[in-house]
Amino acid sequence: MSFPRTRLRRMRKDQFSRQLMQETVLLPKHLIYPVFLMPGEGSIKEAIATLPGVFRHTLDSLLQEAAEVCALGIPAIALFPVIPATQKSLSAIESYNAQGLVPCAIAALKAAYPILGVITDIALDPYTTHGQDGLLDAHGQVCNDKTLEVLVLQALCHARAGADMVAPSDMMDGRIGRIRDAFETAGLIHTRILAYSAKYASTLYGPFRDAVGSTACLGAADKKTYQMDPANVQEALREVAQDLEEGADAVMVKPGLPYLDVLYRVKSTFQAPTFAYQVSGEYAMLHLAAAQGIFNIDAAMYEAVLSMRRAGADAVFTYHAKALAAYIQR
Ligand code: PBG
């Protein structure tokens, strides 16, 4: 195995042999496209200051995005609603309104593009006046068990509207089991659950909170009583074990690139379908650097998302999905 009988550069010499020994592939089918959905008539899209190249879409504009996503071979989109302040409340009652923004969009998407997988976010932060993912108790703490009841209603509402996969991103304990039981009872046996199992209390969600308008609601508060400490990885394995036990079909590690070790350990420990989320802050960092001419945006995104695949991700949520799919197929 030693030099010069072994020269590892030999296989790297030409593209054909580099291709033959490539260990990881990144294809459009490995991407999930997160989209921000806002109320409004007609096809309108609104720029987001902290997320260059990402927009808030009305339903008509979302349907155009869906057509492009299908044409590019991206299997699924994930919806994130922008809820007007007038519909936010302490009880998050709008989160399970069957005529609300998300259920209407699910129905329209499934009618127009039946093959496109529709994933919805299960969490209360777009719907609460305080921007927390759950309901508050009398002391202003996020109350786990009261929140579960509303999450179940929200998940049932989305599943009944036709969502293919619900994705609880709230980090309450026990939510996967409660949602799974409710689905079984309601006969919704085909609705998949993607658990955001290892979701960290990350600084990198800032632009997302601007996009959905929860930054101001949250103020100086944080989400550390339910999202995980970035210092921990053993705890991530316990979260994943519990969510799979409770009936999750797939699990998620979030954010992506700074947490490749977590991703690797989750995939190698459980061998379950494992997704990663290249979050808004990761996306913004690469975009802002590329805008300064520091590197090419598509090449940088490709490398980042490929690395998540190498570490164990079966699929990756990325705001760059459309451009990346086009880049891969070039
Ligand atoms: C809310 C939610 C967040 C993200 C996805 N769902 C933000 C948060 O937890 O505060 C972040 C996604 C991103 O930053 O791209 N439940």
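Structure report, in brief. (Residues numbered from 1 in each chain as written. Predicted model: local features only at pLDDT ≥ 70, side-chain atom pairs only at ≥ 80, totals over all residues. Heavy atoms only, no water.)

So, empty space enclosed by the protein
Where empty space is left in the structure can be found by rolling a water-sized probe over the atoms. Put simply, the rule is: In this analysis a 1.4 Å probe is tested at points of a 1 Å grid over the protein atoms alone, and where it fits but cannot get out there is a cavity; an open set with protein on both sides within 12 Å along at least five of seven lines is a pocket; lining residues have an atom within 4 Å of a point. Grid points are joined across faces, edges and corners, and a volume is the space filled by probe spheres set on the points. Numbering goes from the N terminus for both helices and strands, where a helix is a DSSP run of H or I of at least four residues and a strand is a run of E of at least two. Residue polarity is assigned by list, with Asp, Glu, Lys and Arg as charged and Ala, Val, Leu, Ile, Met, Phe, Trp, Tyr, Cys and Pro as nonpolar; anything else, Gly included, falls into the polar class.
In this structure the tally under the stated criterion is 3 cavities of 30 Å³ or more. If you add up the space inside the largest cavity, you get close to 140 Å³. Taken together, 17 residues make up the lining of the largest cavity; nearest its centre are D125, K199, Y205, F208 and K254. When contributions to the lining of the largest cavity are tallied by element, the ones reaching two or more residues are strand 7 (192-199) and helix 6 (206-212). Split into classes, the residues belonging to the lining of the largest cavity amount to 7 nonpolar, 3 polar and 7 charged.

Looking at the packing of helix 11 (residues 297-311) against helix 12 (residues 321-328)
Applicable threshold: To obtain an axis, a line is fitted to C-alpha atoms, over the contacting stretch when the element is a helix, and the angle between two such axes runs from 0 to 180 degrees between their N-to-C directions. These descriptions rest on fixed angle ranges, namely under 35 degrees for roughly parallel, over 145 for roughly antiparallel, 65 to 115 for roughly perpendicular, and the rest for oblique. Throughout, a residue-residue contact means that at least one pair of heavy atoms, one from each residue, lies within 4.5 Å.
Packing of helix 11 against helix 12 leaves a shortest axis separation of 10 Å and a crossing angle of 95°. The angle between helix 11 and helix 12 places the two elements in the roughly perpendicular class. Contact with helix 11, carried on its side by D298, A299, M301, Y302 and V305, involves A323, L324, Y327 and I328 of helix 12 and no other residues of that element. Its residues placed into classes, the contact of helix 11 with helix 12 shows 8 nonpolar, no polar and 1 charged.

Topic: the site of the ligand
Stated formally: Residues are classed as near a molecule or strand on a simple rule: at least one heavy atom within 4 Å of it. What qualifies as a polar contact is a pair of N or O atoms within 3.5 Å, subject to a donor-acceptor requirement within protein and to the restriction that residues adjacent in sequence count only when both atoms come from side chains. Each accessible area value is a Shrake-Rupley result obtained with a 1.4 Å probe; residue values ignore everything except the protein chains displayed when judging cover. For a cavity or pocket, the test is whether more than half of a molecule's atoms lie within 2 Å of its grid points; if they do, the molecule sits there.
If you check the shell around the ligand, you find 18 residues, and the closest are R209, K223, K254, S280 and Y319. In this structure, a nitrogen atom belonging to the ligand sits 2.8 Å away from a side-chain N or O atom of S169. Residue R209 places a side-chain N or O atom 2.6 Å away from an oxygen atom belonging to the ligand. Expressed as a share of its isolated accessible area of 400 Å², the protein-covered part of the ligand is 100%. In a pocket analysis with a 2 Å cut-off to the grid points, the ligand is assigned to the largest cavity.

Looking at the nonpolar core
Applicable threshold: Buried Ala, Val, Leu, Ile, Met, Phe, Trp, Tyr and Cys residues that are joined via side-chain atoms within 4.5 Å together make up what is termed a nonpolar core. Between buried and exposed lies partly exposed: a residue is buried under 20% and exposed over 50% of the maximum accessible area for its type, with that area taken using a 1.4 Å probe on protein chains only.
Core analysis: the largest hydrophobic core is formed by 105 residues, its most contacted members being F36, I77, F183, V262, F275, Y277 and F317. Apart from residues no more than four positions distant in its own chain, I77 is found in contact with I32, Y33, V35, L62, V69, L109, L116, G117, V118 and I119.

Focus: the packing of aromatic side chains
The following threshold applies: Pairing of aromatic rings covers Phe, Tyr and Trp, the last counted by its six-membered ring, and requires centre-to-centre distances within 6.5 Å; plane angles under 30 degrees mean stacked, over 60 mean edge-to-face, and any other angle means tilted. Definition used: whenever NZ (Lys) or CZ (Arg) falls within 6 Å of the ring centre and also within 35 degrees of the ring normal, the charge is taken to sit over that ring.
Considering all chains together, one arrives at 12 aromatic pairs under this definition. Each ring, one from Y196 and one from Y277, has its centre 6.2 Å from the other, and the planes form 45°; the classification is tilted. You can see Y196 sitting in strand 7 and its partner Y277 sitting in strand 9 (residues 274-277), a full 81 residues away along the chain. With relative accessibility at 1%, the residue Y277 sits in the buried group. Following the ring pairs from residue to residue traces out a cluster consisting of F36, F80, Y196, F208, Y277, Y283, F317 and Y319. If you follow K254 out to its NZ or CZ, it ends over the ring of F208, 6.0 Å from the centre.

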